[in-house]
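Below are the chains, spelled out letter by letter.
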Amino acid sequence: MPDDTPRNVILGTAGHIDHGKSSLVKALTGTDPDRLKEEKERGITIDLGFASLSYPEGLTVGIVDVPGHERLIRNMLAGAGGIDMLLMVIAADEGVMPQTREHLAICRLLRIRSGIVAITKADLVDPEWLQLVTEDVKGFLKGTFLEDAEIIPVSSKTGLNTDLMKERIRELALRVEPRLKKGIFRMPIDRVFTLKGFGTVVTGTAVSGTIALDSPMEILPSGLKTKVRGLQCHGKAVTGAFAGQRIGVNLQGIDKDQVQRGDVLVPPGSIVPTRVVEAVLQLMDDSPPVKTRGVIHFYSGAAETLARVILYDREQLEPGESSPCRLRLQDPVILLSGDRFVVRRLSPLQTMGGGEVLDPHPGRRRRKDGIEDLRAFENGGLKERIEAKARSSALRGVSLRDIEGWIQGEIPDIISAIEELIKEGLLIRAQSPAGEVFIHREVFTSFRDSLAGFLAQYHKANPLRPGMPKEELRQRIKGGESLFNSLIPLIGDLVVEKDVVRLRGFSPAAASVSEERRELIIAAIERNGLQPPFKEDLIAALSLKERELTDILRLLTTEGALVRINDSLFMSKGQNEKLILLLRDFFSKKKEMTVAEFRDLLSTTRKYALPLLEYLDSHRITIRVGDIRKFMLK
């Protein structure tokens, strides 16, 4: 990375109460992160504090100082979600303490991957004791992501090694993998306040994407729409900000009491809150077991709620074990696939474990359905996860916006992965009423085979019909109604003619209608000249079922032996030719014809005359002008 490229990294403190976290932050930055009056009076950190370190090469390290008291773990968790690297603080005069262990466990669960260790208050102990504490800390860190971290004794009072600590923080920060600047902007809100003359301000660590002045924004889960009135990063006004930065956002038209810690700031319509997620849950070695349907505290980002655990592959999760599960959340939370979370015991409060969100918007699942897609979500790359999501979305399909608001990833990478899957034939484009969606090939193949099966059965049961009504076929496809019209043209084995669908190669089985029956029906229709019997009269006269007669009439019409006047009235080909001859003769002598003249011409009644005239008009043989007809044939 070029030296002039801006870098922003978030460093979080961790450690037991009164081990000197805030004092060390002040010694490193000159900023006292304890901003509350009560914190200054009591000398302890109660809520999150913030400071920053700036380096010449354009590197800024934002520091989130967390409280160390066991009763304030929820506040610690609100700040831990945006941390890139850890500053573990252990006092030389006390060594490793309970909250040292719990904070480190939480950071491991959140998959923080790098850090540095400060042994504070080094001026209060002799060298031999400091060496003993250092060895004890090494043993404590063995097997964790801090096992190889540098351990530096410091003193906030004397300034011992503070410059060295700043340099080591710089070196560590330059190795941190940058956050997703081309993903959807997402900022969990960890602080809300008002400034005179400005209004409501929210702060947080942007975990992905970019934000700019005047950008429209949405506060989730409430759905309140707002606009960026002002931006600050580390005390400086800016016109834009991006992932990895601590950001203060002045919101337009929002009151302070409309926003709370745990809300998330996102572009409008980009992410949908959820109350149900599928995840992999990992319990710590010293955790109590969790039974399926048990209730726990759930923490992700700055949000906190209760969750009921539904284990998929067992009835009880034991300490040190992991399991795929479904979490039913008491409150809506903003989560993407790949987000980390922490769980704590309902009572007494105790950190139990954590895990990774696999699917923030899962469909219904029964135990017998299997969890192969969850394995892909857990272990697969971007393409594999998108493919698995499309497969699990069945005939609903999944849109680009769905995927962008479902999985952590750079939007260009997501688009590229989708295009590759389409090129490989694993995804198929389709159009839903809401826009373009993607269907997995296996889902499409199953859909195609189902339609072919339905049509084959229909053709067998209805050999005289030209095909199955499209709407009837659509209703047979559960879950795919909205994509039916889009997917049908993609199936080469089907033919759509108006509102009827048939298998390619199928034609009505004319041979199944005997010549005797054909002649019988045509003779019955011709018997009374230009006054053919209505369908109900034919049913009675020939002792046929209505469906059977309807199919035969449709077939004879297709062959050209009959002419359809309407659904109840048919003429033979000869009758129709006679009718046209009569009309030609009449109109050779007169230019216009009344209904009465037409009735007399055919020696019939209005019962026949009116439907016949409607047929003639609809086929442009005649045209109605007021109460008279004119002849249109040449």
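Presented here is a report on the structure given in the accompanying data block. Quantities reported herein were computed from a predicted structural model and do not represent experimental measurements.

**Describing the packing of aromatic side chains**
Point 1. Enumeration according to the criterion identifies six aromatic pairs in this entry.
Point 2. Ring centres 6.5 Å apart and planes at 35 degrees place the aromatic pair F444 and F447 in the tilted group. In this pair, F444 and F447 both sit in helix α11 (residues 441-461), three residues apart, roughly one turn of the helix.
Point 3. Residue F447 is classed as buried on the basis of its relative accessible area, which comes to 2%.
Point 4. Judged by centre distance (5.2 Å) and plane angle (10 degrees), the ring pair of F587 and F631 falls under stacked.

**Let's talk about helix α19 (residues 606-618)**
Count 3.6 residues to each turn of an α-helix, and residues three or four apart come out pointing the same way.
Point 1. With 13 residues, α19 extends 18 Å from end C-alpha to end C-alpha; this agrees with the ideal 18 Å at 1.5 Å per step.
Point 2. Where α19 is buried, its residues touch β29 (562-566), β30 (569-572), α17 (573-587), α18 (595-602), β32 (622-625) and β33 (628-631).
Point 3. Phi for R620, located one or two positions after α19, is positive at around 60 degrees.

**Things to note about the nonpolar core**
Point 1. L86, M88, V117, V137, L141 and L146 are the most contacted members of the largest nonpolar core, which totals 35 residues.
Point 2. Among the elements of the structure, β1 (7-14), α3 (73-80), β4 (85-91), α4 (98-109), β5 (115-120) and α5 (127-141) are those that each provide at least two residues to this core.
Point 3. Look past the residues within four positions of V137 in its chain and what remains in contact with it is I90, V96, V117, I119 and I151.

**Remarks on the pattern of salt bridges**
Point 1. With the rule as written, the count across this model stands at 35 salt bridges.
Point 2. In this structure, R314 engages E321 in a salt bridge whose closest nitrogen and oxygen atoms are separated by 2.9 Å.
Point 3. Overall, the relative accessible area of 24% leaves R314 in the partly exposed class.
Point 4. A salt bridge links E356 to R385, with the nearest nitrogen and oxygen atoms 3.5 Å apart. Residue E356 is located in strand β23 (residues 351-359), and its partner R385 is located in helix α8 (residues 382-392); the two are separated by 29 residues in the primary sequence.
Point 5. A residue is classified by how much of its surface remains accessible, and E356, at 12% relative accessible area, is buried.
Point 6. A single network of salt bridges, built from pairs that share partners, joins E278, R326, R365 and D373.

**A closer look at the side chain of E102**
Point 1. Within the secondary structure layout, E102 lies in helix α4.
Point 2. Looking at E102, its side chain comes within polar contact range of the side chain of T351, at 2.4 Å.

**Regarding the sheet that holds strand β28 (residues 500-503)**
Point 1. A sheet is described by the order of its strands in space; here three strands give the open sequence β26-β28-β27, paired in antiparallel fashion. Only two strands of the sheet have a single neighbouring strand rather than two, namely β26 (468-469) and β27 (494-497).
Point 2. Two strands pair when backbone bridges link them, and β27 and β28 are joined in this way by four bridges, in the antiparallel orientation. Within β28, the residue paired with E497 across the bridge is V500.
Point 3. The strands that α11 touches are β26, β27 and β28; relative to β28, the one it contacts most, it runs at about 95 degrees.

**With respect to the packing of helix α7 (residues 372-379) against α8**
Think of two packed helices as two axes; the pair is described by the angle between the axes and how far apart they sit.
Point 1. One can describe the packing of α7 onto α8 by two numbers: an axis separation of 8 Å at closest approach and a directional angle of 155 degrees. Classified by the angle their axes make, α7 and α8 are roughly antiparallel. Where α7 crosses over α8, the two elements pack in a sense that is left-handed. In this structure, α7 contributes D373, A376 and F377 to the contact, and α8 contributes E384, R385, A388, K389 and S392.
Point 2. Here the residues of the contact of α7 with α8 are counted per class, giving three nonpolar, one polar and four charged.

**Observations concerning the sheet that holds strand β19 (residues 303-311)**
Point 1. Taken together, six strands build a closed barrel; the order of strands is β16-β21-β19-β18-β22-β23 and the barrel is antiparallel. Shown here is a sheet whose adjacent strand axes are inclined to one another by a mean of 40 degrees, direction ignored.
Point 2. Here strand β18 (residues 295-300) pairs with strand β22 (residues 340-344) via three bridges, running antiparallel. If you follow Y299 over to β22, its bridge partner there is V342.
Point 3. Relative to the sheet, α7 contacts β16 (274-283), β21 (322-333) and β23, its axis offset from that of β23 by approximately 105 degrees.

**A closer look at the side chain of T622**
Point 1. Of note, T622 is situated in strand β32.
Point 2. On the basis of relative accessibility, which here comes to 2%, the residue T622 falls in the buried class.
Point 3. Setting aside anything within four residues of it in sequence, one finds T622 in contact with L613, L616, D617, R629, K630, F631 and M632.

**Some words on the environment of Q232**
Point 1. In this structure, Q232 sits in strand β11 (residues 224-233).
Point 2. Residue Q232 is classed as partly exposed on the basis of its relative accessible area of 40%.
Point 3. C-alpha of Q232 to C-alpha of R186: the two residues are 46 residues apart in sequence and 16 Å apart in space.
Point 4. Ignoring any residue separated from it by four or fewer positions in sequence, one finds Q232 in contact with A237, V238, R246, I247 and G248.

**Some details on the pairing of strand β7 (residues 187-195)**
Every other side chain in a regular strand lies on the same face of the sheet, so the side chains alternate between the two faces.
Point 1. Sheet analysis places β7 next to strand β15 (residues 264-266), joined by two bridges and oriented antiparallel. Looking across to β15, one finds that M187 is bridged to L265.
Point 2. Taken together, β7 and the strand that follows it, strand β8 (residues 199-205), pair antiparallel across an intervening segment of three residues, in which G197 is found at a positive phi of about 90 degrees.

**What about unusual backbone geometry?**
Point 1. P221 follows L220 through a cis peptide bond whose omega is 10 degrees.
Point 2. Within the secondary structure layout, P221 lies in the loop between β10 (216-220) and β11.
Point 3. Note that the residue after S347, namely P348, is joined by a cis bond; omega there is -5 degrees.
Point 4. Residue placement: P348 occurs in the loop between β22 and β23.
Point 5. Positive phi, close to 75 degrees, is recorded for R293, a residue that is not glycine.
Point 6. When you line up the elements, R293 lands in the loop between β17 (290-291) and β18.
Point 7. In this structure, R620 is a non-glycine residue whose phi angle is positive, near 60 degrees.
Point 8. Relative to the helices and strands, R620 is located in the loop between α19 and β32.

**What to know about the environment of G197**
Point 1. Relative to the helices and strands, G197 is located in the loop between β7 and β8.
Point 2. Classification of G197 as exposed rests on a relative accessible area of 65%.
Point 3. Considered as a pair, G197 and R504 are 307 residues apart in the sequence and their alpha carbons are 72 Å apart.

About the cut-offs
- Residues numbered from 1 in each chain as written.
- Predicted model: local features only at pLDDT ≥ 70, side-chain atom pairs only at ≥ 80, totals over all residues.
- Heavy atoms only, no water.
- Phe/Tyr/Trp six-rings, centres within 6.5 Å; stacked < 30°, edge-to-face > 60°.
- Helix = DSSP H or I, 4+ residues; strand = E, 2+ residues; numbered from the N terminus.
- Buried < 20%, exposed > 50% of the residue type's maximum accessible area, 1.4 Å probe, protein only.
- Expected span 1.5 Å × (residues − 1).
- Contact = heavy atoms within 4.5 Å.
- Core = buried A, V, L, I, M, F, W, Y, C linked by side-chain atoms within 4.5 Å.
- Salt bridge = Lys/Arg side-chain N within 4 Å of Asp/Glu carboxyl O.
- Polar contact = N/O pair within 3.5 Å; in protein donor to acceptor, adjacent residues only side chain to side chain.
- Pairing = 2+ DSSP bridges.
- Axes fitted to C-alpha atoms, helices over the stretch in contact; angles between N-to-C directions.
- Parallel < 35°, antiparallel > 145°, perpendicular 65-115°, else oblique.
- Left-handed = near helix turned anticlockwise from the far one by under 90°.
- Nonpolar A, V, L, I, M, F, W, Y, C, P; charged D, E, K, R; others polar.

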